[in-house]
Amino acid sequence: MPSNIITSNNPPGFETSEDTTKLPFTLQDLKAAIPAECFQPNVKKSLFYFFRDILIIGLLYAVASYLDSWLFFPIFWLMQGTMFWALFVVGHDCGHQSFSKQKWLNDLIGHLSHTPILVPYHGWRISHRTHHKNTGHLDNDESWYPVTESQYKDMPLAQKIGRYYVFLLAYPVYLFKRSPNKEGSHFLPSSSLFKPSEKWDVITSTVLLIGMVGLLGFLTYQWGWMWLLKYYAVPYLVFIVWLDLVTFLHHTEPELPWYRGEDWTFLKGAISSIDRDYGLVNHIHHDIGTHVAHHIFLNIPHYNLLKATEAIKPVMGEYFHKSEEPIWKSVWNSCISCHFVPDTGSKVYYTSNNKLAKD
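On a predicted model such as this, the values are computed, not experimentally measured, just so you know. (Residues numbered from 1 in each chain as written. Predicted model: local features only at pLDDT ≥ 70, side-chain atom pairs only at ≥ 80, totals over all residues. Heavy atoms only, no water.)

When the UniProt feature table is mapped onto this chain, "transmembrane region" (unreviewed entry) is found at residues 47–64, 70–91, 202–223 and 229–250. Across residues 47–64, the secondary structure splits into 100% helix and 0% strand, with the terminal C-alpha atoms separated by 26 Å. Across residues 229–250, helical content stands at 100% and strand content at 0%; the span's end C-alpha atoms are separated by 30 Å. (UniProt positions renumbered as here; feature names shortened; annotations may be inferred. Helix = DSSP H or I, 4+ residues; strand = E, 2+ residues; numbered from the N terminus.)

See the structure below:
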């Protein structure tokens, strides 16, 4: 792989430059290559995708209720869970303020997208902002960052099982307990995730989520636990699997570098992500697998990511990462190859635990 060295260490800014670099391109080069309209949210188009998802979710509920058949429920669970995931991605754009130029509208649609699927919109938005500001930084990144070899050796068995074998169910735990070696709840304004000025945002999202839990509790009281299982719990689990699967694959790949200390910069971290092809699901989940361009310029709406990606690929050349292998194969390869990184080194890559067995 080429040496990806950037000598500047300016504070990360999504529209700012990194003046001195040994890369064959700069942030300005990438921005100049993208058509200007890609950066402009279209409110009508954004609302179309939001209401499209809501309509499909409503239709799926209507069909499932009408048929009330165990032959259909497995199909319903898979489809509805996938649509929950699509709705999450709409809220994801709202969190990045790429849904529209009006913050009030972004926050409104963000809550309408996230609260029904038990995601605290502001709590998640703020921690996700931290991830984007520190992508690829071993110490400061917020999600799916590697542990070191010594941390892996000392990791309790239960934590290893959770991180490496049932990681596709990790998201609810992350909301309550954050990632390994970090502490903080997405529901409490006192968490180290948040600034004092963000207190009421966090409280607002938490109160709304508690209200959603209360609504689910009331409906369960009215119609029973089987109703909750059939119409909400299983689709929610499918949604969680989708969320963990896709976000895991965004940044978990043997060829992607991770950085320590002053060797990290925003641009180096931003290009240390990978695009993946989800086939028929690409359009359903709003092309969220088109991830490299998103990390470089997070203010690009999801419906402009494909065009932006095609524009930057010739500029980035071999520095652009994309996997063409089937998703199941990518998951398997990342699971068996990506366990920890070396304890030392400013630029490191994932290593398999097979290394420990050989040692």
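Two elements in contact, helix α2 (residues 43–67) and helix α3 (residues 73–95), have axes whose closest approach is 10 Å; the angle formed by their N-to-C orientations is 160°. Classed by the angle they form, the pair α2 and α3 counts as roughly antiparallel. The handedness of the crossing between α2 and α3 is left-handed. On the side of α2, the interface is formed by F50, D53, I54, I56, I57, L60, Y61 and A64, while α3 contributes F73, F76, M79, Q80, M83, F84, A86, L87 and V90. (Axes fitted to C-alpha atoms, helices over the stretch in contact; angles between N-to-C directions. Parallel < 35°, antiparallel > 145°, perpendicular 65-115°, else oblique. Left-handed = near helix turned anticlockwise from the far one by under 90°. Contact = heavy atoms within 4.5 Å.)

This part covers the pattern of salt bridges. In total, this model carries eleven salt bridges according to the counting rule given. Of the charged contacts in the structure, one is a salt bridge between D107 and K103, with a shortest N-O distance of 2.6 Å. With D107 and K103 both in helix α4 (residues 103–114) and four residues apart, this pair spans about one turn of that helix. The partner of R276 in a salt bridge is E253, with the nearest N and O atoms 2.9 Å apart. In this pair, R276 sits in strand β2 (residues 275–276) while E253 sits in the loop between α10 (225–251) and β1 (258–259), placing the two residues 23 residues apart along the sequence. Of the two residues, R276 and E253, neither departs from the other in class, the shared state being buried. (Salt bridge = Lys/Arg side-chain N within 4 Å of Asp/Glu carboxyl O. Buried < 20%, exposed > 50% of the residue type's maximum accessible area, 1.4 Å probe, protein only.)

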